[in-house]
Protein chains: 2
Amino acid sequence: MTARHEEIADALRRAIDREEYTVGSRLPAETELAAHYGVSRGTVRQAVAALTAEGLIGSRQGARRVVLASRRSQSFGELRSFAQWARAMGREATGRVVAQEFRPAAQEDSVRLQLPVGTRVLHVLRVRGLDGEPVLVERTVYADWISAAVAAIEPDCPSVTQRLYDDTGLVFAYGEHVIDAVACGAQDAELLGVRRTSPLLRVRRVTTTREGRPVEWSDDRYRSDAVSFSVHNSIDNNALARKTAE
Amino acid sequence: MTARHEEIADALRRAIDREEYTVGSRLPAETELAAHYGVSRGTVRQAVAALTAEGLIGSRQGARRVVLASRRSQSFGELRSFAQWARAMGREATGRVVAQEFRPAAQEDSVRLQLPVGTRVLHVLRVRGLDGEPVLVERTVYADWISAAVAAIEPDCPSVTQRLYDDTGLVFAYGEHVIDAVACGAQDAELLGVRRTSPLLRVRRVTTTREGRPVEWSDDRYRSDAVSFSVHNSIDNNALARKTAE
DNA sequence: TTGCAGAACTTGTCTGAACAAGTTGACCCC
DNA sequence: GGGGTCAACTTGTTCAGACAAGTTCTGCAA
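First, a word on what this report is: a plain description of the structure on this page. A quick note: this is a predicted structure, and the numbers were derived from the prediction, not measured. (Residues numbered from 1 in each chain as written. Chains lettered and ligands numbered in written order. Predicted model: local features only at pLDDT ≥ 70, side-chain atom pairs only at ≥ 80, totals over all residues. Heavy atoms only, no water.)

1. Focus on the overall build of chain A
Regarding its fold elements, chain A presents 9 helices and 10 strands. Summarising its shape, the C-alpha atoms of chain A cover approximately 60 × 40 × 35 Å along the three principal directions. Counting every position in chain A, which comprises 246 residues, the buried fraction comes to 52%. Total accessible area computed for chain A in this model is approximately 11600 Å², and 47% of it derives from carbon and sulfur atoms. Within chain A, the 33 negative side-chain charges are centred at a point lying 4 Å from the centre of the 34 positive side-chain charges. (Helix = DSSP H or I, 4+ residues; strand = E, 2+ residues; numbered from the N terminus. Buried < 20%, exposed > 50% of the residue type's maximum accessible area, 1.4 Å probe, protein only. Areas by Shrake-Rupley, 256 points an atom, 1.4 Å probe, with all protein chains shown as cover. Lys, Arg positive; Asp, Glu negative; His and termini not counted. Charge placed at Lys NZ, Arg CZ, Asp CG, Glu CD.)

Here's what the structure looks like:
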């Protein structure tokens, strides 16, 4: 099922995780790995390219590859889905819908979801927590073609992402995240159980399908004492960008 | 000098930028591009893989590649260097060193810079601004082997990154960024000219050389009304990760 | 012992070929 | 017109080989 180069990438990741290759040590040469797994050098290169993009190993022409880090970053699924993320950490995701309403799309919705102004979109306000303790207020707007499936979900469903995949086969493939900080307002203070004006980490994001069609956009506010985000970047692979206001 | 696949990737990026291929339209097939540029299919695949990783185009087996976005994200240089970033936006980076001091490395410095505890490291506190308006307080710790070069730089140098490259040939290649929100303290309030307790966006980062050797680590606090960060992610390429406190 | 030159090694780039697997559109039948 | 089937097209995966370019280590000479 899975491609051979993915199997090899996984094998290498696991070897790094169990410290068969320690941080700072050198990986075997491509030709050695190719012989070991019984594949061509090109296939090995596909595998190590994946690890390089993840920042696990460093690579320079002429020198052996070096292990840079051991803990591997989350999968896209864990980033996209609050519930998947919680489960991976061994905690339980909780959550409930506070308000839910159909509205005609405003200018902002129209731009982000690539829909005509006035299209019936679904606004949902959710509070989500870890083991019952609230850490996140989520204000999401769903595109019209998926909103019926979302509205049918029970209010305390722990994983909306999983539910949409089961019901409709929808897969989230791309995401754009804009991160800044805001002061906590009155409603958020009550929902999260923190003082007003305390700092919150805000993540505004748009998620799209594999074809590039926007599914939802959301304004998420995290308690900054509970959650942070990390980004790994390199000279070859640059996902993070700094932006000015406006 | 530059590899053929990079030239082709650049050509495609430019073509997308000048809307020769518009958002939503389909790219030519690999075989067509290969014939057009006079290279093999493998070389074309290397080029389009780069654009896919940048999120410019989407890709599914069997279907033509689709243009997803036109504006391309910043280079790593622009992310790493405040001055480079400002220049790219047509604004002037300003800045000054508020305090600078050699200290023996504490536990935290030792872990992040992979140096023995007690090594003489250089602490620098800088305020940086756009066109004279302060937007960022930067607390940076430099490893011992680079600190002499840093200490020799004049206090109001607009681009430390550029200066270090010119003087020592040092190139920053990898970066790990942890992002959260904090309330503004008394010192930061005065330096940035904002009210105490107003929310600041904090980015803690470690930058390393191509070989994976840590050069510096820094605690940067941005006025959240002036600067935000954006991250582009996909199912194949996931640089962003969510973390809990501790 | 030190420093330099060169050999051996390793990754980067590129080719051309073949087959697998998924998508799209045209065509035909009902 | 509607629906289903199939062929043509397109991307994904893999192979084997070749050369370029950079690094590392060895051994020799000063």
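2. Focus: the protein's contact with DNA strand D
Around DNA strand D lies a shell of 25 residues, among which A:Arg4, A:Ser40, A:Thr43, B:Arg41 and B:Arg64 are the nearest. The sugar and phosphate moieties of DNA strand D supply 70% of its atoms located within 4 Å of the protein. One nitrogen or oxygen atom from the side chain of B:Ser59 is found 3.0 Å from a phosphate oxygen belonging to DNA strand D. At 3.3 Å from a sugar or linking oxygen of DNA strand D is found a main-chain nitrogen or oxygen belonging to B:Gly62. (Near = heavy atom within 4 Å. Polar contact = N/O pair within 3.5 Å; in protein donor to acceptor, adjacent residues only side chain to side chain.)

3. Side note on the nonpolar core
Ranked by internal contacts, the top residues of the largest apolar core, which has 40 residues, are A:Ile179, A:Leu201, A:Phe229, B:Ile179, B:Leu201 and B:Phe229. The contacts of B:Ile179, once residues within four sequence positions are left out, are A:Ile179, A:Leu201, A:Ser228, A:Phe229, A:Val231, A:Leu240, B:Leu201, B:Arg202 and B:Val203. (Core = buried A, V, L, I, M, F, W, Y, C linked by side-chain atoms within 4.5 Å. Contact = heavy atoms within 4.5 Å.)

4. Remarks on the protein's contact with DNA strand C
Among the 24 residues in the neighbourhood of DNA strand C, the closest are listed as A:Arg41, A:Arg64, B:Arg4, B:Ser40 and B:Thr43. The sugar-phosphate portion of DNA strand C accounts for 71% of its atoms within 4 Å of the protein, the bases making up the rest. Contacts to DNA strand C include B:His5, whose backbone N or O atom sits 3.3 Å from a phosphate oxygen. Separating a base nitrogen of DNA strand C from a side-chain N or O atom of B:Arg41 is a distance of 3.3 Å. Of all the secondary structure elements, the ones that give two or more residues to the surface near DNA strand C are helix H3 (41–54) of chain A together with helix H1 (4–17) and helix H3 (41–54) of chain B. With 3 residues, H3(B) is the single largest residue contributor to the surface near DNA strand C. A per-class count over the surface near DNA strand C returns 5 nonpolar, 10 polar and 9 charged. (Nonpolar A, V, L, I, M, F, W, Y, C, P; charged D, E, K, R; others polar.)

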